[in-house]
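Chain by chain, the residues:
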Amino acid sequence: MQTSHDQTPVVVVTGASAGVGRAVARAYGRRRAKVGLVARGVDGLNGARREIEESGGQALALPLDVADAGAVEQAAEEVERQLGPIDTWVNMAMASVFSPVKDMQPDEYKRVTEVTYLGYVYGTLAALKRMLPRDHGTIVQVSSALAYRSIPLQSAYCASKHAIKGFTESLRTELLHDHSNVKVTMAHLPAVNTPQFNWVKSRLPHKPQPVPPIFQPEVAAEGILFAADQAGKRRDLIIGWPSWKAIWGEKFVAGYIDRVLARDGYSAQQYDGTVSTDRQNNLWEPVAGDWGAHGDFDDRAHDSSWQLWVEMHRGLLTAAGAGVATLAALGAVALRRH
């Protein structure tokens, strides 16, 4: 990772207290980076800070709500004051509601949009304010296959992910127009085993779950860091075969996917009996405690992705393929001569 100041990268991670954000923060800690940790949950932020420091990195916990543009701007200022110029900003904070559209409330749509979409906008604006004058920096928008293909029961979240994609594509073209060296990229995640399914607001009769197949948050983190490192070369990174299948399937057989999701999309997002109607949720306030990176699905989650490996080694595979083709051609020439 290139830096604009010394050899120690400065990174901001939103949604860093739990789930994929926590896994990304840990991964940067192992790189001995200086990491600004943004989230609402103080317990999780303190846990992430300890893990980074134990790995040899440096961390600054910044408890705030990304729906507050002023708080995000102040956090960016504090990161640069204490840690140095920001090299990479990773937008990942999210909120969701599992519910049919007909049962959703207007304030729920507003809240999910403010966190999951506008939180990315505010983070991006704070990053650009500092990166553009230096003509250096990388912004990573952590997205999802749901930015391309919506599913039932998560309309507010899916709409926000679609909005992030539209916003980022506009920004990317503007940076290109201005010949800026600030880079922006998107990482599109599959279903991930995170604690959000323990606290997401839900009206489903059973416990919510990610749509299988499920991947561990470390797989997503590996892809996100790779996307950040390759931001000048790769506009998007698809993580996991299910994400690839959903994104490309939407391009060619959207109507068929509509019918499959109508049939299976409800049951695929639920498991394990009934759930209490007064279960805790973090839509308006964080849930207390340090939840870490993993959710309840360790026994069903994959700890690797062959598709991600292929994406990360595309150049090597292309070179190997070219080598094989060259050897085959040379062999054919030799056979003709004999």
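The preceding data block contains the structure.
Think of each chain on its own: its residues are numbered from 1, step by step along the sequence as written. Given that the model is predicted, a residue must reach a pLDDT of at least 70 before its local features are reported, and side-chain atom pairs must reach 80 or more before they are shown or counted; all residues, however, enter totals for whole chains, interfaces and linings. Water and hydrogen atoms play no part in the side-chain values, which are based on all heavy atoms of the structure.

Participant: Explain the packing of helix α1 (residues 19-30) against helix α7 (residues 217-229) here, please?
Facilitator: Axes are the key here: two packed helices are described by the angle between their axes and the distance separating the axes. Orientation of α1 relative to α7, taken along the N-to-C sense of each, is 60°, at an axis distance of 8 Å. The orientation of α1 with respect to α7, classified from their angle, is oblique. The handedness of the crossing between α1 and α7 is right-handed. For the pair α1 and α7, the contacting residues are Gly19, Val20, Ala23, Val24, Arg26, Ala27 and Tyr28 in the first and Pro217, Glu218, Ala220, Ala221, Ile224, Leu225 and Ala228 in the second. For helices, the axis comes from a line fit to the C-alpha atoms of the stretch in contact; other axes are also lines fit to C-alpha atoms, and the angle between any two N-to-C directions lies between 0 and 180 degrees. Secondary structure elements are defined from DSSP: runs of H or I of at least 4 residues count as helices, runs of E of at least 2 residues count as strands, and each element is numbered from the N terminus. Here is the rule for angles: anything less than 35 degrees is roughly parallel, anything more than 145 is roughly antiparallel, 65 through 115 is roughly perpendicular, and the remaining ranges are oblique. Handedness of a helix crossing follows the sense of rotation of the near helix relative to the far helix, less than a right angle counterclockwise being left-handed and clockwise being right-handed. Contacts between residues were defined by any pair of non-hydrogen atoms, one from each residue, lying within 4.5 Å.

Participant: Can you walk me through the nonpolar core in this structure?
Facilitator: Side chains of nonpolar character tend, in soluble globular proteins, to be buried together. Side-chain atoms within 4.5 Å link the members of a nonpolar core, which is a set of buried Ala, Val, Leu, Ile, Met, Phe, Trp, Tyr and Cys residues. The buried label applies to any residue whose accessible area, calculated with a 1.4 Å probe on protein chains only, is under 20% of its type's maximum; exposed applies above 50%, and partly exposed to all values in between. Core analysis: the largest hydrophobic core is formed by 40 residues, its most contacted members being Val13, Val24, Tyr28, Leu37, Val90 and Ile224. Counting residues per element, the ones that place at least two in this core are β1 (10-14), α1, β2 (34-39), α2 (42-54), β6 (137-144), β7 (182-189) and α7. For this core, the leading source of residues is α7, giving eight residues. Other than its neighbours up to four places away in sequence, Val90 contacts Val11, Val12, Val13, Thr14, Tyr28, Val140, Val142 and Ile224. Within the second largest apolar cluster, 32 residues are counted, among which are Val12, Ala126, Ala127 and Met131.

Participant: What should I look at first to understand the sheet that holds β2 in this one?
Facilitator: Strands in a sheet are paired, the pairing made by backbone hydrogen bonds, and the direction either parallel or antiparallel. Strand order across the open sheet formed by seven strands is β3-β2-β1-β4-β6-β7-β12, with parallel pairing between neighbours. Every interior strand has two partners, whereas the edge strands, β3 (58-63) and β12 (236-238), have only one. Between one strand axis and the next, the sheet turns by 15° as a mean value, whatever way the strands run. Strands β1, β2, β4 (88-91) and β7 of the sheet are contacted by α1, whose axis makes an angle of about 165° with β1. Where α2 meets the sheet, its contacts fall on β2 and β3, and the angle it forms with β3 comes to roughly 175°. Between any two strands, pairing holds if DSSP finds at least two bridges.

Participant: Even after reading the chapter, I still don't get the side chain of Gln216, so can you show me in this structure?
Facilitator: Mapped onto the elements, Gln216 comes out in the loop between β11 (214-215) and α7. Residue classification places Gln216 among the buried positions, given a relative accessible area of 9%. A distance of 3.3 Å separates polar atoms of two side chains, one belonging to Gln216 and the other to His294. Distance and chemistry together define a polar contact, namely a pair of N or O atoms within 3.5 Å, with one atom able to donate a hydrogen and the other to accept it when in protein, and with adjacent residues in sequence counting only for side-chain atoms on both sides.

Participant: Quick question: what am I supposed to make of the packing of α1 against α2 here?
Facilitator: Orientation of α1 relative to α2, taken along the N-to-C sense of each, is 25°, at an axis distance of 8 Å. Of the possible angle classes, the one that applies to α1 and α2 is roughly parallel. The handedness of the crossing between α1 and α2 is right-handed. Contacts between α1 and α2 involve Arg22, Ala25, Arg26 and Gly29 on the former and, on the latter, Gly44, Gly47, Ala48, Glu51 and Ile52. Within the contact of α1 with α2, the residues separate by chemical class into three nonpolar, three polar and three charged. Residues are sorted three ways: Asp, Glu, Lys and Arg are charged, Ala, Val, Leu, Ile, Met, Phe, Trp, Tyr, Cys and Pro are nonpolar, and all the rest, Gly among them, are polar.

Participant: Would you mind going over α1 with me for this structure?
Facilitator: The α-helix winds at 3.6 residues per turn, so residues separated by three or four positions along the chain end up facing the same way. Helix span, as expected, comes to 1.5 Å for every residue beyond the first. The end-to-end C-alpha distance of α1, which contains twelve residues, comes to 17 Å, matching closely the 16 Å that a straight helix rising 1.5 Å per residue would cover. Just downstream of α1 lies Arg32, where phi reads positive at about 60°.

Participant: What exactly am I supposed to notice about the side chain of Thr185 here?
Facilitator: Tracing the backbone shows Thr185 in strand β7. For Thr185, the side chain forms a polar contact with the main-chain oxygen of Arg234, separated by 3.0 Å. From its side chain, Thr185 meets the backbone oxygen of Arg235 in a polar contact 3.1 Å long. Those residues in contact with Thr185, other than ones at most four positions away along the chain, are Ile139, Val140, Gln141, Arg172, Ala227, Ala231, Arg234, Arg235 and Asp236.

Participant: Would you take a moment to explain the environment of Ala191 for this structure?
Facilitator: The topology assignment puts Ala191 in strand β8 (residues 191-192). Along the sequence, Ala191 and Gln216 sit 25 residues apart, while their C-alpha atoms lie 8.7 Å from each other. Leaving out residues up to four positions away in the same chain, Ala191 has contacts with Pro210, Val211, Pro213, Ile214 and Phe215.

Participant: Hey, could you run me through unusual backbone geometry in this one?
Facilitator: Leaving glycine aside, a negative phi is the common case for residues, and trans is the common case for peptide bonds. Geometrically, the link from Pro212 to Pro213 is a cis peptide bond, its omega value of 5° lying close to zero. In this structure, Pro213 sits in the loop between β10 (206-208) and β11.

Participant: For this particular structure, what's the right way to read the pattern of salt bridges?
Facilitator: Pairing between side chains of opposite charge can happen when their charged atoms approach one another. Should a side-chain nitrogen of Lys or Arg be within 4 Å of a carboxyl oxygen of Asp or Glu, the pair is scored as a salt bridge. Using the criterion set out here, one finds 20 salt bridges in the structure. A salt bridge links Asp65 to Arg111, with the shortest nitrogen-to-oxygen separation between them at 2.9 Å. Of the two residues, Asp65 sits in the loop between β3 and α3 (69-82) while Arg111 sits in helix α4 (residues 106-134), which places them 46 residues apart along the sequence. Its relative accessible area of 23% is what places Asp65 among the partly exposed residues. Across the pair Glu73 and Lys129 runs a salt bridge whose closest N-O atoms are separated by 3.0 Å. With Glu73 in helix α3 and Lys129 in helix α4, the pair connects residues that are 56 residues apart, well separated along the chain. Residues participating in the shared-partner salt-bridge network are Arg22, Arg26, Glu51, Glu218 and Asp290.

Participant: Is there a simple way to think about the sheet that holds β11 in this case?
Facilitator: The sheet built from three strands is open, its strands ordered β8-β11-β14 with parallel pairing. Of all the strands in the sheet, just β8 and β14 (301-302) have a single pairing partner and so form its edges. Sheet analysis places β11 next to β14, joined by two bridges and oriented parallel. Opposite Ile214, over in β14, you have Ala301 as the bridge partner.

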